Amino acid sequence: MPESRQTQPTDEKGEKTTEAATAPRRRQARGERRIAQLLQAAAGVFCRTGYAAASTNAIAREAGVSPGTLYQFFPNKEAIAVELGGRLLHDAHEMHGQAFLPENLHKPLPELLDAVLDPVIAFNCENPAFWALMHGSGVPGIQQEHEELHTSLLTRVEGVLRSFCPDSTPAELDLVSNMILGIFKASLDLILATEGAERAAYVAELKAVLLRYLEPMITEPHPL
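Keep in mind that what you see is a predicted model, and the values were worked out from it rather than measured. (Residues numbered from 1 in each chain as written. Predicted model: local features only at pLDDT ≥ 70, side-chain atom pairs only at ≥ 80, totals over all residues. Heavy atoms only, no water.)

Q: Go over the overall build of the protein, please, and point to the residues and values.
A: The number of helices and strands found in the protein is nine helices and zero strands. Seen in sequence order, the protein has helices and strands lined up from the N terminus as α-α-α-α-α-α-α-α-α. Buried positions account for 38% of the 224 residues belonging to the protein. Put simply, 65% of the contacts in the protein that link residues at least 6 apart link residues at least 24 apart. (Helix = DSSP H or I, 4+ residues; strand = E, 2+ residues; numbered from the N terminus. Buried < 20%, exposed > 50% of the residue type's maximum accessible area, 1.4 Å probe, protein only. Contact = heavy atoms within 4.5 Å.)

What follows is the structure, given as structure tokens:
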């Protein structure tokens, strides 16, 4: 019988690799999965207890691992919060880019509110840990990045208003933009605390409030 040969593994380019070369990749992939598992567990704990009351032991229990395993990846609770907050902030920036697409500016005001508010509300509902960390952790690294996100969002809102109200002064745009964000944040507290039909009712009320507030200022969309 012909002698059988063991096929040597190849990489994605078809080049031969060795077990020694592929082992670090497997370890890295396992590490990334473990980090994702720990961050998901931390998100659940932060939402239930708040950041201040959360502990690494509670996060480890939520993830189904030992505290020692957790400490292989994160030295403390703050490091977990910074990593989780950083990832959520990155996703929030991307979501804001989708919500404030230039083509939305040519929509009637009710449709514009839908186009902007729906993805922002959906993101916060799908990631309740974002609200818990941004508004209740007090972690310096997160707070600074959150302030930058707030400034970026304020600039986007002012840009929308400027396109509809070109005669408004910078002070007027700043005032109205801050009012819009204040109304939104207060409403989001109620939205996140409810579910189902009650949540949908609060979303509808938020849109109605903003529509009545903005309608006297905005008549026809203006091109950029």
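Q: Could you give an account of the side chain of T194, with specific residues and numbers?
A: Checked against the element boundaries, T194 lands in the loop between helix 8 (170-192) and helix 9 (196-214). For T194, a relative accessible area of 9% gives the class buried. In terms of polar contacts, T194 uses its side chain to reach the backbone carbonyl oxygen of I191, at 3.1 Å. Excluding its chain neighbours within four sequence positions, the residues that come into contact with T194 are R199 and Y202. (Polar contact = N/O pair within 3.5 Å; in protein donor to acceptor, adjacent residues only side chain to side chain.)

Q: Can you lay out the side chain of T56 for me, pointing to particular residues and giving the numbers?
A: Position of T56 among the secondary structure elements: in helix 2 (residues 56-63). There is a polar contact of 2.8 Å between the side chain of T56 and the side chain of Y71. With residues up to four places along the chain from it excluded, the contact list for T56 reads L70, Y71, N76 and K77.

Q: Help me get a handle on the pattern of salt bridges, residues and values and all.
A: When the charged atoms of two side chains lie near each other, side chains of opposite charge can form a pair. For the coordinates displayed, the defined rule picks out four salt bridges. Here D114 makes a salt bridge to K207, at a shortest N to O gap of 2.8 Å. Here D114 is found in helix 5 (residues 109-126), whereas its partner K207 is found in helix 9, with 93 residues between them in sequence. A salt bridge links D118 to K207; the shortest N-O distance between them is 2.7 Å. One end of the pair, D118, is in helix 5; the other, K207, is in helix 9, and 89 residues separate them in sequence. Of the residues examined, K207 reaches a relative accessible area of 17% and is grouped as buried. (Salt bridge = Lys/Arg side-chain N within 4 Å of Asp/Glu carboxyl O.)

Q: Could you give an account of the packing of helix 4 (residues 77-99) against helix 5, with specific residues and numbers?
A: Between helix 4 and helix 5, the least distance of the axes is 9 Å, while the angle of their chain directions is 160°. Classified by the angle their axes make, helix 4 and helix 5 are roughly antiparallel. For the pair helix 4 and helix 5, the crossing hand works out as right-handed. Here helix 4 contributes L88, D91, A92, M95, H96 and A99 to the contact with helix 5, which in turn contributes A115, V116, P119, V120 and F123. In the contact of helix 4 with helix 5, the residues fall into nine nonpolar, one polar and one charged. (Axes fitted to C-alpha atoms, helices over the stretch in contact; angles between N-to-C directions. Parallel < 35°, antiparallel > 145°, perpendicular 65-115°, else oblique. Left-handed = near helix turned anticlockwise from the far one by under 90°. Nonpolar A, V, L, I, M, F, W, Y, C, P; charged D, E, K, R; others polar.)

Q: Tell me about the packing of aromatic side chains, and please be specific about residues and values.
A: One pass over the full model with this rule turns up two aromatic pairs. Ring centres of F46 and Y51 lie 5.5 Å apart, and the angle between their planes is 50°; this geometry places the pair in the tilted category. For F46, a relative accessible area of 1% puts it in the buried group. Take Y51: its relative accessible area is 11%, and that puts it in the buried class. Centre to centre, the rings of F123 and F130 are 5.3 Å apart; their planes meet at 75°, and the pair counts as edge-to-face. The exposure class assigned to F123 is buried, which follows from its relative accessible area of 9%. (Phe/Tyr/Trp six-rings, centres within 6.5 Å; stacked < 30°, edge-to-face > 60°.)

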